[in-house]
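Coordinate inspection notes
Below, each chain spelled out in residue letters.
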Amino acid sequence: MNSAPFRLVVTGGGTGGHTYPALTAVRALQARLAAEGRALEALWIGTADGLEARVAPGAGIAFTTVATGKIRRSKNPLKLASPANVRDMARVPLGVLQARRAIEQFQPDVVLATGGYVAVPAGLAARMCHRPLVLHEQTVKLGLANRKLAASAARICVSSESTLELLSESARSVAVVTGNPVRPEVLSGQADRAVQALGLWGFDRQLPTVYVTGGAQGAQQINELVAASLPWLLQQANVVHQCGPANEEGLRAQARAAGLPPELAARYYLAGFVGPELPDVLALADVVVSRSGAGTLAELTALGKPAVFVPLASSAGNEQVHNARHLEQAGAAVALTGEVTTARLQTAVGPLLADAQVRWGMAERARAYGRPDAADRLVDEVLAAAAGQPVTAGVGRRGESSLPR
């Protein structure tokens, strides 16, 4: 048995969508190696101001920074050549040199890149240092960083079967559907714990519960839609609403101004932020109203939750709209795109609240797209790449078809 530590460089970040899948994969790899009596030595290459700068050290992972720059996308070539873009592109060669130095010193068995601008210099440095590069893509379409690195990758691990048909022939030959890693704690929630932890004593457990979230900072669009729909919603459901800390006071005042009867007001729980209780709130929820970022999709499909998505229209590459429509076409969610009114929200949510069978059907279709074992599948591919094993394109290494069942 090989008892030498396994050495991993992980890179990616900027946002939670890139950072948390990487962290989940590192933890899964560490657990796998520990079961085999081996240690993991990991180095995270990130940026000083990205989320990863807090997450990696907080998880006990060695962390180093490199220079990088945000490339501002535009269909107008003149805007692509803006002074800000030129300055940032000039930083990339410096970042590559810094990443190359870090990789040469660390001597990893493999480099795992999960996207974000910092992944580009680190991924290019992996190729220069002749280290196998494993890419992970969270969204249906490859992000800009992964598109730039695809030709250098030993593996391209994707979250959706639908991604395969969007890849070039050469990229498809090294692509494997693993799913998007989901934090294991998200899968272990208990509805009764949410009631206890949040004091939801006024909830009518005979009614469905709706969880509304716009992410950690909230989403003004979703907040306004729900606030305007509250009297209608609360007649047929309980509502847990994560609105973002900056929006809580205003929304609480709106709820008071609505003059809700006490029994309806007791069914509404408003919070600026839902933290450790999130897995339990998700277990309690029968329907989720949210944005459609890749991490959200991964969690909700792994749990099999019916969802009404209000995508962020300004997301990079319009990825949230693409994500939401992808699930809607499968009958696994409802996508509200374009101009979203309270009437459209109520039309989308109403049938799910009125009929448990409708909820069940959507939940089953969502679950068919869920991959709760995505972190383990990604670890399989990281270890296989490090060992120089050939790619089994399109199929998870656990020997099962990656097509939803």
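Because the structure is a prediction, the values reported are computed rather than measured. (Residues numbered from 1 in each chain as written. Predicted model: local features only at pLDDT ≥ 70, side-chain atom pairs only at ≥ 80, totals over all residues. Heavy atoms only, no water.)

Description of the pattern of salt bridges
Put simply, the test is: Each salt bridge in this description consists of a side-chain nitrogen of Lys or Arg and a carboxyl oxygen of Asp or Glu lying within 4 Å of one another. Put simply, DSSP H or I for four residues or longer makes a helix, DSSP E for two residues or longer makes a strand, and each gets a number counted from the N terminus. Each residue is placed in one exposure class: buried if its accessible area under a 1.4 Å probe, protein chains only, is under 20% of its type's maximum, exposed if it is over 50%, and partly exposed if it falls in between.
All told, the structure shown has eleven salt bridges when counted by the stated rule. Here D192 makes a salt bridge to R205, at a shortest N to O gap of 3.4 Å. In this pair, D192 is assigned in helix 8 (residues 191–198) and R205 in the loop between helix 8 and strand 8 (209–213), connecting sequence segments 13 residues apart. Residue D192 is classed as exposed on the basis of its relative accessible area of 51%. Residue R205 is classed as partly exposed on the basis of its relative accessible area of 45%. Residues R377 and D373 are paired through a salt bridge, measuring 3.0 Å at the closest nitrogen-oxygen approach. A residue is classified by how much of its surface remains accessible, and R377, at 5% relative accessible area, is buried.

Looking at the packing of aromatic side chains
Put simply, the rule is: Side-chain rings of Phe, Tyr and Trp, where Trp is taken by its six-membered ring, are said to pair if the distance between their centres is within 6.5 Å; with planes under 30 degrees apart they count as stacked, over 60 as edge-to-face, and otherwise as tilted. Only Lys NZ and Arg CZ are tested; either one counts as a charge over a ring when it is within 6 Å of the ring centre and within 35 degrees of the ring normal.
In the structure shown here, the tally under the stated rule is zero aromatic pairs. Directly above the aromatic system of F106 lies the positively charged group of R7, at a separation of 4.1 Å from the ring centroid. Here R183 stacks its cationic end above the ring of Y20, 5.9 Å away from the centre of that ring.

Quick notes on the confidence of the model for the chain
The condition that has to hold: Confidence of the predictor at the level of single residues is captured by pLDDT, which takes values from 0 to 100. Any two residues whose heavy atoms approach within 4.5 Å at even a single point are treated as in contact.
For the chain, the average pLDDT comes to 91, and 90% of its residues sit at 70 or higher. Here residues 398–405 is modelled with pLDDT under 50, and outside its nearest four sequence neighbours on either side it reaches 20 contacts, counting other chains as well.

Describing the packing of helix 1 (residues 16–35) against helix 17 (residues 374–386)
In a pair of packed helices, the angle between the axes and the distance between the axes together describe the arrangement. Note the following rule: Every angle, taken between N-to-C directions, lies between 0 and 180 degrees, and every axis is a line fitted to C-alpha atoms, over only the stretch in contact when it is a helix. Convention used here: angles under 35 degrees read as roughly parallel, angles over 145 as roughly antiparallel, angles from 65 to 115 as roughly perpendicular, and any remaining angle as oblique. Take the far helix as your reference; a near helix turned counterclockwise from it by less than a right angle gives a left-handed crossing, and one turned clockwise gives a right-handed crossing. Amino acid classes used here: Ala, Val, Leu, Ile, Met, Phe, Trp, Tyr, Cys and Pro are nonpolar; Asp, Glu, Lys and Arg are charged; the rest, including Gly, are polar.
Where helix 1 contacts helix 17, the two axes come as close as 9 Å, and the packing angle between them is 70 degrees. Looking at the two axes, helix 1 sits roughly perpendicular to helix 17. Relative to helix 17, helix 1 is oriented so that their crossing is right-handed. Across from T24, A25, A28, L29, R32 and L33 in helix 1, the residues of helix 17 making contact are A375, D376, L378, V379, D380, V382 and L383. Across the contact of helix 1 with helix 17, the residue classes break down as nine nonpolar, one polar and three charged.

Some words on helix 17
What counts here: Here, expected helix span is obtained from the residue count minus one, scaled by 1.5 Å.
Here helix 17 spans 18 Å end to end across 13 residues, near enough to the 18 Å set by a 1.5 Å rise per residue. Counting buried positions along helix 17 gives ten out of 13 residues, so the element sits mostly inside the fold. Those residues of helix 17 that fall on the buried side of the exposure criterion are A374, A375, R377, L378, V379, D380, E381, V382, A384 and A385. Packed against the buried residues of helix 17 are strand 1 (6–11), helix 1, strand 4 (110–113), strand 5 (133–137), strand 6 (155–158) and strand 7 (175–177). Looking one or two residues past helix 17, G388 carries a phi angle of roughly 75 degrees, positive in sign.

Here we look at unusual backbone geometry
You will see that Q107, though not glycine, has its phi angle at about 55 degrees, which is positive. In this fold, Q107 is placed in the loop between helix 4 (83–106) and strand 4. A positive phi angle, near 60 degrees, is found at H130, a position not held by glycine. Along the polypeptide, H130 turns up in the loop between helix 5 (119–128) and strand 5.

A word on the packing of helix 15 (residues 342–354) against helix 16 (residues 356–369)
Close contact between helix 15 and helix 16 brings their axes to 5 Å; oriented N to C, the two are set at 105 degrees. On the basis of the axis angle, helix 15 is roughly perpendicular to helix 16. Listed contacts from helix 16 to P351, L352, L353 and A354 of helix 15 are A356, V358, R359 and M362. In the contact of helix 15 with helix 16, the residues fall into seven nonpolar, no polar and one charged.

Structural notes on the sheet that holds strand 11 (residues 287–290)
Applicable threshold: Paired strands are those between which DSSP finds at least two bridges.
Strand order in this open sheet of six strands is 10-9-8-11-12-13, and the pairing throughout is parallel. In this open sheet, the two strands that pair with only one neighbour each are strand 10 (268–271) and strand 13 (334–335). By the bridge criterion, three bridges tie strand 11 to strand 12 (residues 307–309) in an arrangement that is parallel. If you follow S290 over to strand 12, its bridge partner there is F309.

Some remarks on the sheet that holds strand 7
The sheet built from seven strands is open, its strands ordered 3-2-1-4-5-6-7 with parallel pairing. Unpaired on one side and paired on the other, strand 3 (62–65) and strand 7 mark the two borders of the sheet. Taken over all neighbouring pairs, the strand axes of this sheet differ in orientation by 25 degrees on average, direction set aside. In this sheet, strand 2 (residues 40–46) lies alongside strand 1 in parallel orientation, the contact comprising six bridges. When the sheet's bridge partners are listed, V10 is paired in strand 2 with W44.

Considerations on helix 9 (residues 220–234)
Basically, it comes down to this: Bending is quantified residue by residue as the angle between axes fitted to the seven-residue window ending at that residue and the seven-residue window starting at it.
With 15 residues, helix 9 extends 20 Å between its outermost C-alpha atoms, agreeing within 8% with the 21 Å of an ideal straight helix rising 1.5 Å per residue. At A228, helix 9 is deflected by roughly 50 degrees, the largest bend along its length, and proline P231 occurs up to four residues later in sequence. Every buried residue belonging to helix 9 is among I222, N223, L225, V226, A227, S229, L230, L233 and L234, and all of these are buried.

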